[in-house]
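Here is what each chain is made of, one letter per residue.
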Amino acid sequence: MESSINIEALREKANKFGQGHIFQFYNDLTDQEKEKFHKSIKDVDFAFLEDLYNVATKNPDISYDSLEPWHNIIEQDELSTEEIDQFRQLGVEALVAGKVCALLQAGGQGSRLGFEKPKGMYPLDMETHKSIFELQAVKVLGLKNLIIRQRPELTVDKISIPFLIMTSPINHDDTVDFFETNNYFNLPKNDVHFFMQGGLPALSLKGKILMNSRSSLTNVPDGNGGVYLSFKNSGLMDKMKEAGVKYIHCFGIDNISLKVCDPVTVGMMEKQELDMAIKVFPKDYPEERAGLFMNSGGKLQFVEYSQVDPEVVQMKNEKGELRFNEANANIAMFTVQFVDEVTTTYREHLLKGYASAKKKVACVDNSGELIQPEEPNAYKFEVFICGFWWVAKNID
């Protein structure tokens, strides 16, 4: 068995990056436990973890002196009817050509709703039991019908709008089963694709990988920004490229009122040759828990609400309005090419996109016993989907 999984090569790789301790229980494991251990470590990027740790321990404060409000914003009520119609028509043409897919981030459970299943399965209507998943699927079908009203020569089966669903290890099987049981809510099965959000091991405050058992590493979800690498590593990025998809409409499971693959936004992307379009909203009050978009030397910078200086959120401009008021709605449309660049060309940008936090993480001690720490003992790393948007060359 050891030769089939090349355990010595894995051990040498771990030792190279000072992580050889993860093998301390290996010789005492059963064959089944060894297989579990192998699956736990075979895809670990030790070099990337080392880089993340180095960034986490430096973690410079945000300098607000160089930040300005982000003004590259289009207010929809400032567009003329003719402009909106033009964008919509271009968007419909792109949808008909199969250039657009929807990507739903649905890796969470409904625990905060008192619902111990995938949040997407939560019934919005207690009489019909229509779920969030069904609501979003129906929107895709409704979009097809909207297109047919404008292009009556088409039929539903001639319009392909891939529906991609990012799950997580804790809810993947339940999510897939739910769609299968409900006949994919009348969407073509070939248009519905599932892929899992990635994760990263937690690191001790000294940079050592923590284990949650004698045969497995800790695995912490890597945040909603993990969608880029997960999308690529799943093979779906290449599949979408081959299918001619150019634009990805990405949104979270909580956004139940949005327009899926809004033709106006798609048309704007086409007309202005944008890498990305983001939807923002003005905050109701300064302390509202929403991240902010800012201008850093002509580049878009996103600051999560937990990182914003309390004094900064209170700042007013000359009109008496909030100086920084472009809040994140977690709705974006970007190109497949943008994802390719972020995940392939911009490794240093990946590092800049990650945030670290000291947390209490259950782990095994040197004797293999599971311990529950009373104080933060680890770095958890997550990346926000907005963390890479400043890489885009052309954005609205």
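These remarks concern the structure in this document.

1. Digging into the nonpolar core
Ranked by internal contacts, the top residues of the largest apolar core, which has 58 residues, are Ile22, Phe23, Phe37, Leu103, Phe231 and Phe334. By residue number, the principal contributor to this core is helix H4 (residues 46–58), which donates 6 residues. Discounting chain neighbours no more than four positions away, the residues touching Phe37 are Ile7, Ile22, Phe23, Tyr26, Leu29, Met211 and Ser215. Among the nonpolar cores identified, the runner-up in size contains 45 residues, and Ala106, Phe133, Tyr184 and Cys261 belong to it.

2. Here's the deal with the packing of aromatic side chains
Taken as a whole, this structure holds 18 aromatic pairs when the rule is applied. Both rings, one in Phe133 and one in Phe178, keep their centres 6.2 Å apart while their planes meet at 45°; by these two values the pair is tilted. Of this pair, Phe133 sits in helix H6 (residues 132–150) while Phe178 is found in helix H7 (residues 172–181), placing the two residues 45 residues apart along the sequence. Among the aromatic residues, ring-to-ring pairing joins Phe133, Phe163, Phe178, Phe179, Tyr184, Phe185 and Phe194 into one connected group.

3. Comments concerning the packing of helix H5 (residues 81–96) against H6
Look at H5 against H6: their axes get within 11 Å of each other, and the N-to-C directions meet at 110°. Here H5 is positioned roughly perpendicular relative to H6, judged by the angle of their axes. The handedness of the crossing between H5 and H6 is left-handed. Residues Arg88, Gln89, Val92, Leu95 and Val96 of H5 form the contact with H6, whose own contacting residues are Leu143, Ile147 and Gln150. A breakdown of the residues in the contact of H5 with H6 according to their chemical character gives 5 nonpolar, 2 polar and 1 charged.

4. What to know about the sheet that holds strand E8 (residues 203–204)
Here we have 3 strands laid out as an open sheet, ordered E8-E20-E17, and antiparallel in their pairing. Of all strands in the sheet, those with a lone pairing partner are E8 and strand E17 (354–359), marking the two edges. For E17 and strand E20 (residues 378–383), the ladder comprises 6 bridges, and the chain directions are antiparallel. Looking across to E20, one finds that Lys359 is bridged to Ala378.

Rules used throughout
Residues numbered from 1 in each chain as written. Predicted model: local features only at pLDDT ≥ 70, side-chain atom pairs only at ≥ 80, totals over all residues. Heavy atoms only, no water. Core = buried A, V, L, I, M, F, W, Y, C linked by side-chain atoms within 4.5 Å. Buried < 20%, exposed > 50% of the residue type's maximum accessible area, 1.4 Å probe, protein only. Helix = DSSP H or I, 4+ residues; strand = E, 2+ residues; numbered from the N terminus. Contact = heavy atoms within 4.5 Å. Phe/Tyr/Trp six-rings, centres within 6.5 Å; stacked < 30°, edge-to-face > 60°. Axes fitted to C-alpha atoms, helices over the stretch in contact; angles between N-to-C directions. Parallel < 35°, antiparallel > 145°, perpendicular 65-115°, else oblique. Left-handed = near helix turned anticlockwise from the far one by under 90°. Nonpolar A, V, L, I, M, F, W, Y, C, P; charged D, E, K, R; others polar. Pairing = 2+ DSSP bridges.

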